[in-house]
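Observations on chain architecture
What follows is each chain in one-letter form.
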Amino acid sequence: MRPPLWRALWRGLRKRCPGCGAGRIYKRYLKPVSACANCGAALGHIRTDDFAPWLTILILGHILVPLLGTIDYFFTPPLWLILLSAVALGAILALAVLPHAKGLCLGMMWVLGLRGDEQH
Ligand SMILES: [Zn+2]
């Protein structure tokens, strides 16, 4: 029996199996396991494609733009420092958020029975 959508999303966000919440969903950084080691839920066939990067960019935009705008408004650092900070912070945050965003997508797609190669 599949869990409710919100629970699968939460489990995926925590990089855990959307079915049982115990098994890990990645064997490497973004490489999903073929099946959950705990409950056997098939996860490796699900293709999240561009949804996880899109979600990561959406989240990072809502963090970085106000943060850098506030820093620029109150401290007025040189432009090169703002740009360098934005690139460095953006890269670090993207690498940190992306696995969680992909886990969320994986959990959503698993609970809805989607594979990512649907034609409609
Ligand atoms: Zn599981």
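Right, let's walk through the structure included here. Source: prediction; values computed, not measured. (Residues numbered from 1 in each chain as written. Predicted model: local features only at pLDDT ≥ 70, side-chain atom pairs only at ≥ 80, totals over all residues.)

**Some thoughts on the overall build of the protein**
On a plain count of helices and strands, the protein comes out with three helices and zero strands. On C-alpha atoms alone, the protein measures out to a radius of gyration of 17 Å, which is more than a quarter above the 14 Å that the 2.2 N^0.38 rule sets for 120 residues. For the protein, the C-alpha atoms occupy an extent of roughly 55 × 30 × 25 Å along the three principal directions. Residues classed as buried in the protein amount to 21% of the 120 residues present. Restricting the contact set of the protein to residue pairs at least 6 apart, pairs at least 24 apart contribute 58%. (Helix = DSSP H or I, 4+ residues; strand = E, 2+ residues; numbered from the N terminus. Rg over C-alpha atoms; globule rule 2.2 N^0.38 Å. Buried ≥ 20, exposed ≤ 12 C-beta atoms within 10 Å, placed from the backbone. Contact = placed C-beta atoms within 7 Å.)

**Regarding the packing of helix α1 (residues 5-13) against helix α3 (residues 79-112)**
Direction vectors running N to C along α1 and α3 enclose 150 degrees, while the axes themselves pass 7 Å from each other. Put simply, α1 runs roughly antiparallel to α3. By crossing handedness, the relation of α1 to α3 is classed as right-handed. Here α1 contributes Leu-5, Ala-8, Leu-9, Arg-11, Gly-12 and Leu-13 to the contact with α3, which in turn contributes His-100, Gly-103, Leu-104, Leu-106, Gly-107, Met-108, Trp-110 and Val-111. Across the contact of α1 with α3, the residue classes tally to nine nonpolar, four polar and one charged. (Axes fitted to C-alpha atoms, helices over the stretch in contact; angles between N-to-C directions. Parallel < 35°, antiparallel > 145°, perpendicular 65-115°, else oblique. Left-handed = near helix turned anticlockwise from the far one by under 90°. Nonpolar A, V, L, I, M, F, W, Y, C, P; charged D, E, K, R; others polar.)

**Some thoughts on the nonpolar core**
By size, the foremost hydrophobic cluster in this structure holds 14 residues, and its most contacted members are Leu-43, Ile-46, Cys-105, Leu-106, Met-109 and Trp-110. Those residues in contact with Leu-43 that sit more than four places away from it in its chain are Ile-25, Pro-32, Val-33, Ala-35, Cys-36, Leu-106 and Trp-110. (Core = buried A, V, L, I, M, F, W, Y, C linked by C-beta atoms within 7 Å.)

**What about unusual backbone geometry?**
For Lys-15, which is not glycine, the phi dihedral falls at a positive 60 degrees. Within the element layout of this structure, Lys-15 appears in the loop between α1 and α2 (51-75). Even without glycine at this site, Thr-76 takes up a positive phi of about 40 degrees. Inspection of the secondary structure assignment puts Thr-76 in the loop between α2 and α3.

**Looking at the environment of Arg-47**
Among the secondary structure elements, Arg-47 is positioned in the loop between α1 and α2. By C-beta crowding, Arg-47 is classed as partly exposed, having 16 other C-beta atoms within 10 Å. Sequence-wise, Arg-47 and Ala-8 are 39 residues apart; in three dimensions their C-alpha atoms are separated by 16 Å. Beyond its immediate stretch of four places on either side in the chain, Arg-47 contacts Arg-115, Gly-116 and Asp-117.

**Details of α3**
Across its 34 residues, α3 extends 46 Å between first and last C-alpha, which sits within 8% of the 50 Å expected from 1.5 Å per residue. Those residues of α3 not exposed but buried are Ala-101, Lys-102, Gly-103, Leu-104, Cys-105, Leu-106, Gly-107, Met-109, Trp-110 and Val-111. Positioned one or two residues after α3, Gly-113 has a phi angle of 75 degrees, which is positive. (Expected span 1.5 Å × (residues − 1).)

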